[in-house]
Amino acid sequence: MGLDGLRLSHVRLSATASTGRRVLVDDLTRAVGPGSVVGITGRTGSGKSTLLRAIAGTTPVESGSILLDGRPIDPASVGVLTQSHDLIGGLTAVENVAARLLARGSMRTADWTGIEESLGRLLLPPASWHNLVEQLSGGQQQRVAVARALAGGPGLVCLDDPTSELDEATGTAVWAEVRAAADRGAVVVVTVPEPGNAERCDALLDLGPRTA
Ligand SMILES: Nc1ncnc2c1ncn2[C@@H]1O[C@H](COP(=O)(O)OP(=O)(O)OP(=O)(O)O)[C@@H](O)[C@H]1O
């Protein structure tokens, strides 16, 4: 089985606006090897989140193709963080991560400890691990959603601005987990509106200075 990572070939993406369709990405061709962190940069409204969704397989490309290890991407197999986090209300932090593992069929008894350890590495206070997610702060919820995206070691991880609600020290802990996922062989794609975080990436997809 050849693991050749992520391949974007002649990708075109547009957004629908009142003035018609606006091209966000045109004829984008790039290859990214396994074990890499790829940042998507560009001004607000340039299409970073749209490209991330296309890579995650949840938004269709207008033309071109996006393949992981030579195959079309199955959205169910991708570890995803959206800007709204999409946590499951009425479940605890730990249960939100466990639900993801159960859905993937990869939950084992020992994973309860693994989940707590991952939340700890993301600097989530132990007292919050078994609180309902709606009782957590925005920054805590974001880290639960990051832990869920990384849970089970998916081969492709797509994170939309994973440190937007975090201070620098906590953000550094999140980036350490991002790097660890890549070191295990994943391709990690991250939108990075902050120029400082672009330096943490191995490669960049720059969507340029378009404005909304
Ligand atoms: N729900 C939507 N309905 C209609 N148009 C949208 C929607 N979401 C995004 N767009 C359009 O797509 C363009 C790109 O949006 P996108 O969220 O991908 O940009 P972005 O670079 O991630 O922005 P930001 O940094 O502000 O999150 C926007 O300028 C807008 O025109």
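What comes next is a walk through the structure. This structure is a prediction, so every number in the text was calculated from the model and none was measured.

**Some words on helix α3 (residues 111–121)**
Those residues of α3 not exposed but buried are Ile115, Ser118 and Leu119. Viewed end-on, α3 has its buried residues packed into an arc of 100 degrees, placing them on one side of the element. Among the structural elements, α2 (93–103) and α4 (138–150) are those in contact with the buried residues of α3.

**Section: the nonpolar core**
By size, the foremost hydrophobic cluster in this structure holds 37 residues, and its most contacted members are Leu119, Val144 and Val188. If one sorts the elements of this core by residue count, α4 sits on top with six residues. Apart from the residues lying within four places of it in its own chain, the contact partners of Leu119 are Ala93, Val94, Leu124, Trp129, Val144 and Ala147. Within the second largest apolar cluster, 25 residues are counted, among which are Leu6, Ala56, Ile66 and Leu207.

**Here we look at the sheet that holds strand β1 (residues 6–17)**
Sheet architecture is open: four strands sit in the order β2-β1-β4-β5, paired in antiparallel fashion. Looking at which strands have only one partner, the edges of the open sheet turn out to be β2 (20–32) and β5 (71–72). As paired strands, β1 and β2 are joined by nine bridges and run antiparallel to one another. The residue bridging Leu6 from the neighbouring strand is Val32, located in β2. Each of β1, β2 and β4 (63–68) touches helix α1 (residues 48–56); the most contacted strand, β1, lies at about 130 degrees to it.

Parameters at a glance
- Residues numbered from 1 in each chain as written.
- Predicted model: local features only at pLDDT ≥ 70, side-chain atom pairs only at ≥ 80, totals over all residues.
- Heavy atoms only, no water.
- Buried < 20%, exposed > 50% of the residue type's maximum accessible area, 1.4 Å probe, protein only.
- Helix = DSSP H or I, 4+ residues; strand = E, 2+ residues; numbered from the N terminus.
- Arc of directions from axis to C-beta.
- Contact = heavy atoms within 4.5 Å.
- Core = buried A, V, L, I, M, F, W, Y, C linked by side-chain atoms within 4.5 Å.
- Pairing = 2+ DSSP bridges.
- Axes fitted to C-alpha atoms, helices over the stretch in contact; angles between N-to-C directions.

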